[in-house]
Amino acid sequence: MDEVGRGALAGPVTVGAVAVDLGTRACPKGVADSKLLTPLARERLLPALGRWGLARAVGHASPAEIDALGIVAALRLAGRRALAALGTVPDVVLLDGSHDWLSAPRQPGLFELGDDEVAVAARAECDGYAHLDGVAVRTRVKADRACASVAAASILAKCTRDALMTELHERHPDYGWAENKGYGAPEHLDALRALGPTPLHRRSWRLPLAEEAAAEGAAAEGAAVEGSPADAPGPDERWAMMDS
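Anyway, here's the lowdown on the structure attached to this text. Small disclaimer: the values here were computed from a predicted structure and weren't measured.

Inspection of every chain in the model, using the stated rule, returns eight salt bridges. The shortest N-O distance in the salt bridge between E3 and R6 comes to 3.2 Å. A salt bridge links D190 to R193, with the shortest nitrogen-to-oxygen separation between them at 3.6 Å. Of this pair, D190 and R193 both sit in helix α8 (residues 186-195), separated by three residues, roughly a single helical turn. Assessed through its relative accessible area of 45%, D190 is described here as partly exposed. The class of R193 is buried, set by a relative accessible area of 16%. Each member of the salt-bridge network shares a partner with another, and the members are R42, K158 and D162.

Structure representation (structure tokens):
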């Protein structure tokens, strides 16, 4: 499994899953970590990936679910949706990175205890995935570069989410989602400051809004008078660093 969209300011977080076994043939030529491939290269791999492995699926968690549950629990929800959609229960799941965000925690987080409608619905849905609790989870740093099934999952997740953000761009064209896919690109930040957030933004996050921009400008002016370093990253640069 692999995820995409964790650091975006708008849109869902998306998890891809690809199931393989000992009889699965070699992966299609060109499969690699989605971040190392161009959009065109990723799209060209989709037909072959659609025929590779035992099963493949993608799950999403919406901005409202991210706000209600927190990003880690939302990742878990998206991952369990992807696993349930596979139609087969794997013996083990390999996650890219060093953090197991898929397994249920021993104690629920603060967000997960919320009583709003979205949190209650998410908990009820997760109860339906109890049969997945026994699946072993392993983590591996840079698994998307060493394991073909994880790389394939990253491509599926990336292509699916990118297509969704391009579609959502038609509803809110001022934010540039067709190009930035909801990440903190300069045109996206400018639109947030000028227009405010949409229902598809993660409103619980510290979004760079108009009033914040004014405060940052005043702070930056004061810091310049005091002799702050000229090469310190500005707010737009910090948000851009979150793009992936």
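Our next topic: the packing of aromatic side chains. Scanning the model with the defined rule gives one aromatic pair in all. Cation over ring: R202 sits above W205, and NZ or CZ is 5.0 Å from the ring centre.

With that settled, consider unusual backbone geometry. The general pattern is negative phi for most residues beyond glycine and trans for most peptide bonds. For K142, which is not glycine, the phi dihedral falls at a positive 60°. Mapped onto the elements of the fold, K142 is located in the loop between β5 (136-140) and α5 (143-146). With a relative accessible area of 48%, K142 lands in the partly exposed category. The backbone of K181 shows a phi angle near 55°, a positive value even though the residue is not glycine. Tracing the backbone shows K181 in the loop between α7 (177-180) and α8. A residue is classified by how much of its surface remains accessible, and K181, at 13% relative accessible area, is buried.

Another aspect to go through is the nonpolar core. One finds M1 and L102 to be the most contacted residues of the largest nonpolar core, which totals 35 residues. Broken down by secondary-structure element, the contributors of at least two residues to this core are β2 (13-19), β3 (55-61), α3 (71-86), β4 (92-96), α6 (148-169) and α8. The element best represented in this core is α3, accounting for six residues. Among the nonpolar cores identified, the runner-up in size contains twelve residues, and L49, A151, A153 and L156 belong to it.

So, on to the sheet that holds β2. Spatially, β1-β2-β3 is the arrangement adopted by the three strands of the open sheet, whose pairing is antiparallel. Two strands close off the open sheet at either side, each with one partner strand: β1 (2-4) and β3. Looking at each pair of strands side by side, their axes are set apart by 20° on average, direction ignored. Inspection of the sheet shows β2 paired to β3 by seven bridges, in the antiparallel sense. From the neighbouring strand, V18 faces β3, where its bridge partner is R56. The strands that α3 touches are β1, β2 and β3; relative to β3, the one it contacts most, it runs at about 150°. Here α6 sits on the sheet and contacts β1, β2 and β3; the angle it forms with β2, its principal contact strand, is near 140°.

Cut-offs applied
Residues numbered from 1 in each chain as written. Predicted model: local features only at pLDDT ≥ 70, side-chain atom pairs only at ≥ 80, totals over all residues. Heavy atoms only, no water. Salt bridge = Lys/Arg side-chain N within 4 Å of Asp/Glu carboxyl O. Helix = DSSP H or I, 4+ residues; strand = E, 2+ residues; numbered from the N terminus. Buried < 20%, exposed > 50% of the residue type's maximum accessible area, 1.4 Å probe, protein only. Phe/Tyr/Trp six-rings, centres within 6.5 Å; stacked < 30°, edge-to-face > 60°. Lys NZ or Arg CZ within 6 Å of the ring centre and 35° of its normal. Core = buried A, V, L, I, M, F, W, Y, C linked by side-chain atoms within 4.5 Å. Pairing = 2+ DSSP bridges. Axes fitted to C-alpha atoms, helices over the stretch in contact; angles between N-to-C directions. Contact = heavy atoms within 4.5 Å.

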